[in-house]
Amino acid sequence: MFTELLTRLESDMEERNSVVLVDSTDNEICKNRDCNAGDLADLTDDVEFPQDVTFEALQVLLHEKRIVLIDVRNPDELENDGTIPGSVNVPLPEIPEAFEMEPEAFKEKYKFDLPAKDRKDLVLTCRSGRRILVAESKMKPLGYTHLRLYRGSFKDWQANGGEIL
């Protein structure tokens, strides 16, 4: 299985510029290419992250505290259905106004720092994936051009057995 994965990865890498992140550069995949075994934060200015985030990727990103997961559901939904651990809430009806607030007022109201517009670690989620598209369309004109989407959203998180608070 590893050989098949390696062959597919090598084929994909020939078609486009790619960065390989590994635990150690003493690895089969690093024999004929540059690999990075350092912190991903060192590469964030140079790396174009995929817009869609999978359940598996989201688990890792949340565990490693590499993203800000913004849940755009309404507060009553969070109370009734629960939340994805590590997520923060900005209800869709409050977007775009929330992201136009002064940083101090934003932090006081939403309990996290107003994200910089050029951040590449902002992931949107909702209940089923529809409202994130509306949120994205309201945030892009404000300059949030690197938004990432967890399209499966809370339903997918729940279906995959993700922890719920």
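For the structure itself, look to the data block above.
Residues numbered from 1 in each chain as written. Predicted model: local features only at pLDDT ≥ 70, side-chain atom pairs only at ≥ 80, totals over all residues. Heavy atoms only, no water.

Visitor: Any chance you could explain the pattern of salt bridges here in plain terms?
Guide: Opposite charge on two side chains permits them to pair, given that their charged atoms come into close proximity. Under the criterion given, the structure shown has eight salt bridges. Across the salt bridge formed by arginine 151 and aspartate 52, the nearest N and O atoms sit 2.5 Å from each other. Of this pair, arginine 151 sits in the loop between strand S6 (148-149) and helix H6 (153-159) while aspartate 52 is found in the loop between strand S2 (35-36) and helix H2 (55-63), placing the two residues 99 residues apart along the sequence. (Salt bridge = Lys/Arg side-chain N within 4 Å of Asp/Glu carboxyl O. Helix = DSSP H or I, 4+ residues; strand = E, 2+ residues; numbered from the N terminus.)

Visitor: Sorry, what's going on with the sheet that holds strand S3 (residues 68-71) here?
Guide: Within a sheet, adjacent strands bond to each other through the backbone by hydrogen bonds, running parallel or antiparallel. A sheet is described by the order of its strands in space; here four strands give the open sequence S4-S3-S5-S6, paired in parallel fashion. Since the sheet does not close on itself, it has two edges, and those belong to strand S4 (87-89) and S6, each with one partner. Seen against the sheet, helix H5 (residues 131-139) touches strand S5 (122-125) and S6 and runs at an angle of roughly 135 degrees to S5. (Pairing = 2+ DSSP bridges. Contact = heavy atoms within 4.5 Å. Axes fitted to C-alpha atoms, helices over the stretch in contact; angles between N-to-C directions.)

Visitor: In this structure, what is going on with the nonpolar core? I would like to understand it.
Guide: Within soluble globular proteins, side chains that are nonpolar tend to cluster in buried spots. Among the nonpolar cores identified, the biggest contains 22 residues, and Ile70, Val72, Val90, Phe99 and Leu124 are the most heavily contacted of them. For this core, the secondary structure elements donating two or more residues are S3, helix H4 (103-110), S5 and H5. Among the elements that line this core, the one with the most residues is H5, at three residues. Excluding residues within four positions of it along the chain, isoleucine 70 makes contact with Val88, Val90, Phe99, Leu122, Val123, Leu124 and Thr125. Core analysis: the next-biggest nonpolar cluster, separate from the first, contains 12 residues, Leu58, Ile67, Leu69 and Ile84 among them. (Core = buried A, V, L, I, M, F, W, Y, C linked by side-chain atoms within 4.5 Å. Buried < 20%, exposed > 50% of the residue type's maximum accessible area, 1.4 Å probe, protein only.)

Visitor: Help me understand the packing of aromatic side chains in this model?
Guide: Geometrically, a pair of aromatic rings is defined through the distance of the ring centres and the angle of the planes. Taken as a whole and judged by the stated rule, the model has five aromatic pairs. Relative to tyrosine 144, the ring of phenylalanine 99 has its centre 5.4 Å away and its plane inclined at 70 degrees; by these criteria the two rings are edge-to-face. Of the two residues, phenylalanine 99 is situated in the loop between S4 and H4 and tyrosine 144 in the loop between H5 and S6; the sequence distance between them amounts to 45 residues. Summarising the aromatic geometry, the rings of phenylalanine 106 and phenylalanine 112 are spaced 5.0 Å apart at their centres and angled 80 degrees between planes, so their arrangement reads as edge-to-face. For the pair phenylalanine 106 and phenylalanine 112, a shared accessibility class is recorded, and that class is buried. Through successive ring pairs, a cluster of aromatic residues spans Phe99, Phe106, Tyr110, Phe112 and Tyr144. Its guanidinium or amino end placed over the ring of phenylalanine 154, arginine 73 lies 4.2 Å from that ring's centre, counting from NZ or CZ. (Phe/Tyr/Trp six-rings, centres within 6.5 Å; stacked < 30°, edge-to-face > 60°. Lys NZ or Arg CZ within 6 Å of the ring centre and 35° of its normal.)

Visitor: Looking at this structure, how should I read the pairing of S3?
Guide: In regular strands, side chains alternate between the two faces of the sheet. On S3, burial covers both faces: Val68 and Ile70 on one face and Leu69 and Asp71 on the other are all buried. Relative to S5, S3 runs parallel, the two being bridged by four bridges. Residue valine 68 lies in a different strand from S5, and its bridge partner there is leucine 122. Where S3 lies against S4, three bridges are found, and the strand directions are parallel. Paired with leucine 69 across the two strands is serine 87, which belongs to S4. For the crossover that starts at S3, traverses helix H3 (residues 75-81) and ends in the parallel S4, the hand is right-handed. (Right-handed = clockwise from strand over helix to strand, strands pointing away.)

Visitor: Would you take a moment to explain the side chain of threonine 125 for this structure?
Guide: Within the fold, threonine 125 resides in strand S5. Take threonine 125: its relative accessible area is 1%, and that puts it in the buried class. In this structure the side chain of threonine 125 is engaged in a polar contact, spanning 3.4 Å, whose partner is the side chain of serine 153. (Polar contact = N/O pair within 3.5 Å; in protein donor to acceptor, adjacent residues only side chain to side chain.)

Visitor: Please clarify how the pairing of S5 should be interpreted in this entry.
Guide: On S5, burial covers both faces: Leu122 and Leu124 on one face and Val123 and Thr125 on the other are all buried. Bridge count for S5 against S6 is two bridges, and the pairing is parallel. If you follow valine 123 over to S6, its bridge partner there is arginine 148. Note that the unit made of S5, H5 and S6 has a crossover that is right-handed.

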